[in-house]
2 protein chains.
Amino acid sequence: MESFKVNILGCGSAKPTLRHYPTSQVVDFRGNLFMIDCGEGTQMQLMRMRLKPNRLRHIFISHLHGDHCYGLPGLLSTLGLTGINGHVTVHLPEEGIRLLKPLIDYSTHDLQVEFQPYEYGNNIIYEDKSLIVNTVPLKHRLPCVGFVFREKEKLRHINREMVDFHQVPVAMLPRIKAGEDYVKPDGTIVPNKILTNQADPSRTYAYISDTLPLKAVINEVKGADLLYHEATFLSDMLKRAKETCHTTAKDAAHIASEAGVKQLVIGHFSSRYINEMPLLEEAQSVFPSTVLAREGLILDV
Amino acid sequence: MESFKVNILGCGSAKPTLRHYPTSQVVDFRGNLFMIDCGEGTQMQLMRMRLKPNRLRHIFISHLHGDHCYGLPGLLSTLGLTGINGHVTVHLPEEGIRLLKPLIDYSTHDLQVEFQPYEYGNNIIYEDKSLIVNTVPLKHRLPCVGFVFREKEKLRHINREMVDFHQVPVAMLPRIKAGEDYVKPDGTIVPNKILTNQADPSRTYAYISDTLPLKAVINEVKGADLLYHEATFLSDMLKRAKETCHTTAKDAAHIASEAGVKQLVIGHFSSRYINEMPLLEEAQSVFPSTVLAREGLILDV
């Protein structure tokens, strides 16, 4: 199947540590790179993970806390310096334009940066022939959204033997792949399902950024192949999680379980956890198919 | 002697590498920390070098290229988060207030940040009872200055034996240290130089940021104990150095030599140099007392 991977560049939270970089991920969808969040140091992590900057055309910022966006000026300025000579679109809350654009405009040359503000809510913010990205409204201390990357329905596979047997002309094949039946010169109809095999399944990646655990998210991420959910605290810190509008590992796992996702990856760990195994164990006790995010991790969707 | 040290947090240049962080230094003057420049990732380097954030009260930004200032929002926001509950003054070009203040104000709480713009030129921008900091105008692609940290003249040391012998009252000692003679009850004058020994020498650290090599700098850094001078290129790249308003290792060494400084440290290395020894050798061929900057290096002034 064509590539659909998530690269973890950073999975720490607001207070920096020497164990983690702040939040950033890169979704590799069929060789095109889509960045989600861009904390300080992201450009170094991009280099370290050998992700090709010239394949990066879209950056999605979930909210404007520094640990999710302070790496943006440096990254864009470097993309300009390295002469990728292209065009990058930054999708972000409107307020981000006021905060970040002056600094970015001042230092970023030879790179066209377009700021595409999105509304807080449930909206399609990116679409091409094979991928669709929509926002999921979350509940944090300031406007914050998650992002769902959905592969569009794919074309069916041609059954080479049957196509030859029924002497379907080559020129017809794209229409057969698209689902049409074949009408022979004598008028006989060969149904599409005889000429084709089932399409590959369409895959979904859901990124749920800083938030209180939300029932509404369950519907939005239903059946996802991979769900990233923040899990800043263990459940013995539930009070603190509520105060700071964050989720515990247990609550993240409950959401994964109720949404019936295939795999859960948790991240955005509070700096207080030197050892993160208890976070993993807590989540796995509810949803066994959980992994811990870590810098350098690459997950297949 | 009381501490006066320079900590190198980063010494790379604009294009990031995995070998260096962008420019930042911390001057430790008698336990008070003064930061010079603050490239992306500086807050992590501060942590790595175990420099105490609550001792940091002044940050000096030489110019507004990203590799000298993009770490500022993250550093200040973290200082706020870690609850040092204090007051930090950022000395920077006026333009920097427009570019950085909105972003910093948005995310930095529980920390009072004062922006103190300085004029391009030769000005005193900080002074206390023992230290004075002035700017040195440089010539780069945008307004840029260096900083000279000068220890003020120190008090002479009391010669305990002579003070006892002449029965100088304890209450008089601060005035003796300050240079006064002692007048005995019988009117006899004991000259200060009999009662005291020479003060420790006053030390100077000069930081010369991104610039073409300038004759005018020689006077400004004359006799400094330690000179940091950028040396982005080897002299076979002189043309490129001129185009980008930078200095070669050889030219940096000539300035150190003509200024008669005690030691030179070179930095701001172009990302093209995987091996930096040729930069060191080129500088040492002109000025032997040269060292290479590197992350984690601590130099005594």
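Just so we're clear, the structure is a prediction, and the values are computed from it rather than from any experiment. (Residues numbered from 1 in each chain as written. Chains lettered and ligands numbered in written order. Predicted model: local features only at pLDDT ≥ 70, side-chain atom pairs only at ≥ 80, totals over all residues. Heavy atoms only, no water.)

All right, on to the UniProt feature "binding site: Zn(2+) 1" (unreviewed entry) in chain A then. Residues and elements named next belong to chain A. UniProt feature "binding site: Zn(2+) 1" (unreviewed entry): in the numbering of this structure it lies at His63, His65, His140 and Asp210. Spanning 148 residues, the named residues form one tight spatial group whose C-alpha atoms are at most 10.3 Å apart. With respect to the helices and strands, the residue His63 is situated in the loop between strand 4 (56–60) and helix 2 (66–69). For His63, a relative accessible area of 0% corresponds to the buried category. Leave out the neighbours within four places in its chain, and His63 touches Asp37, His68, Cys69, Pro93, Tyr118, His140, Leu142, Pro143, Cys144, Ser209 and Asp210. A polar contact is formed between the side chain of His63 and the side chain of Ser62, at a distance of 2.8 Å. Take His65: it is sitting in the loop between strand 4 and helix 2. Overall, His65 belongs to the buried group, its relative accessible area being 16%. When sequence neighbours within four positions are dropped, the list of residues in contact with His65 reads His140, Arg141 and Leu142. (UniProt positions renumbered as here; feature names shortened; annotations may be inferred. Helix = DSSP H or I, 4+ residues; strand = E, 2+ residues; numbered from the N terminus. Buried < 20%, exposed > 50% of the residue type's maximum accessible area, 1.4 Å probe, protein only. Contact = heavy atoms within 4.5 Å. Polar contact = N/O pair within 3.5 Å; in protein donor to acceptor, adjacent residues only side chain to side chain.)

Before going further, it helps to spend a moment on the sheet that holds strand 7 (residues 124–127) of chain B. Residues and elements named next belong to chain B. An order of 7-8-9-14-15-16-17 is seen for the seven strands of this open sheet, with the pairing classed as mixed. Of all strands in the sheet, those bounded by a partner on one side alone are strand 7 and strand 17 (290–292). Put simply, the sheet's adjacent strands are angled 15 degrees from each other on average, direction ignored. Sheet topology note: the strand 7/strand 8 (residues 131–137) ladder contains three bridges and is antiparallel. If you follow Glu127 over to strand 8, its bridge partner there is Ile132. Each of strand 16 (263–267) and strand 17 touches helix 11 (residues 277–286); the most contacted strand, strand 17, lies at about 170 degrees to it. (Pairing = 2+ DSSP bridges. Axes fitted to C-alpha atoms, helices over the stretch in contact; angles between N-to-C directions.)

Here we take up the interface of chain B and chain A. Taken together, the contact pairs 34 residues of chain B with 34 residues of chain A. For chain B, the biggest contributors to the area lost against chain A are B:Glu40, B:Tyr70 and B:Tyr106; these three give 24% of the whole. Where chain B meets chain A, there are zero salt bridges. Contributions of two or more residues to the side of chain B that touches chain A are made by helix 1 (42–48), helix 3 (72–81) and helix 4 (94–107) of chain B. The greatest single-element share of the side of chain B that touches chain A, amounting to eight residues, is contributed by helix 4 of chain B. (Buried area = accessible area lost by both parts, 1.4 Å probe. Salt bridge = Lys/Arg side-chain N within 4 Å of Asp/Glu carboxyl O.)

Glancing now at the side chain of A:Thr248. Residues and elements named next belong to chain A. Residue placement: Thr248 occurs in the loop between helix 9 (238–243) and helix 10 (249–259). Within polar-contact distance, the side chain of Thr248 engages the backbone nitrogen of Asp251 at 3.1 Å. In this view, Thr248 contacts Ala231, Phe233, Leu234, Ser235, Leu238, Ala241 and Glu282; residues no more than four positions away in its chain are not counted.

At an RMSD of 0.1 Å, chain B and chain A line up after a rotation of 180 degrees and a shift of 0.0 Å along the axis. Accordingly, the operation relating the two chain copies is best matched by a two-fold axis. Residue B:Gly41 of chain B places its C-alpha closer to the rotation axis than any other residue of that unit, at 2.9 Å. When the interface residues of chain B are mapped onto chain A, 100% of them again lie at the interface, so the same face is used by both copies. (Least-squares fit on C-alpha atoms with pLDDT ≥ 70 in both.)

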